[in-house]
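Observations on chain architecture
The lines below spell out each chain.
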Amino acid sequence: TSPMQVRAMQKYGAPLKCVVPGRVFRAEATDAVHEHTFDQMEGLMVGEDISLSNLISVMKELLNGIFKKEMEVRIRPGFFPFVEPGIELDIKCTICGGKKCPACKHTGWLELLPAGMVHPNVLKHGGLDPEKYSGFAFRLGLTRMAMMRYGIGDIRMFNSGDLRFVKQF
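Below you will find a few notes about this structure. It should be emphasised that the depicted structure is a prediction, and the values quoted were computed from it without experimental measurement. (Residues numbered from 1 in each chain as written. Predicted model: local features only at pLDDT ≥ 70, side-chain atom pairs only at ≥ 80, totals over all residues. Heavy atoms only, no water.)

1. Quick notes on the pattern of salt bridges
Within this structure, the stated rule accounts for 8 salt bridges. The salt bridge involving Arg 74 is made with Asp 90; its shortest N-O contact spans 2.7 Å. Note that Arg 74 is positioned in strand β3 (residues 73–78) and Asp 90 in strand β4 (residues 83–92), a separation of 16 residues in sequence. Residue Arg 74 is classed as partly exposed on the basis of its relative accessible area, which comes to 31%. When its relative accessible area of 1% is taken as the criterion, Asp 90 is described as buried. (Salt bridge = Lys/Arg side-chain N within 4 Å of Asp/Glu carboxyl O. Helix = DSSP H or I, 4+ residues; strand = E, 2+ residues; numbered from the N terminus. Buried < 20%, exposed > 50% of the residue type's maximum accessible area, 1.4 Å probe, protein only.)

2. Here's the deal with the packing of aromatic side chains
Going through the model one piece at a time under the given rule, you end up with 1 aromatic pair. Measuring from centroid to centroid gives 5.5 Å for Phe 158 and Phe 165, while their planes differ by 85°, and the two rings are edge-to-face. For Phe 158, a relative accessible area of 27% puts it in the partly exposed group. Taking relative accessible area as the criterion, Phe 165 reaches 7% and is therefore assigned buried. (Phe/Tyr/Trp six-rings, centres within 6.5 Å; stacked < 30°, edge-to-face > 60°.)

Okay, structure coming up:
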């Protein structure tokens, strides 16, 4: 989904707000919250005077809307190549309520939204002047979000093919 950021900027210019859904394939070990195949949504907002506080406010509103309640979040620094600064927005685990379980790797928190301010070079490649425009980008793992929204303790259930799991929904 990341290449769509530059393509959207090139095609539509600024101001710009867009979301791009996509399927992700990763060569990584699976566990309760990591799967080799999952769906995600990437979001981008570009305009004049867009700041990190805009990003955090939008993410909190997004989560509160999805979960239909005020979500407890924490923000940590994170590294992602196309944003600077990068942040990781975590939510308190809804499976255990923060009491530490396999779904949150026994921390009480789950990374849900890696995000950050769009790097000036990305804006340039999108045909925008980074002196005039700024923006933020985020990713939301839809399967991980569904886990937390519906109390599913293991992400591997989504691709398991177990009809008992599917019939719940």
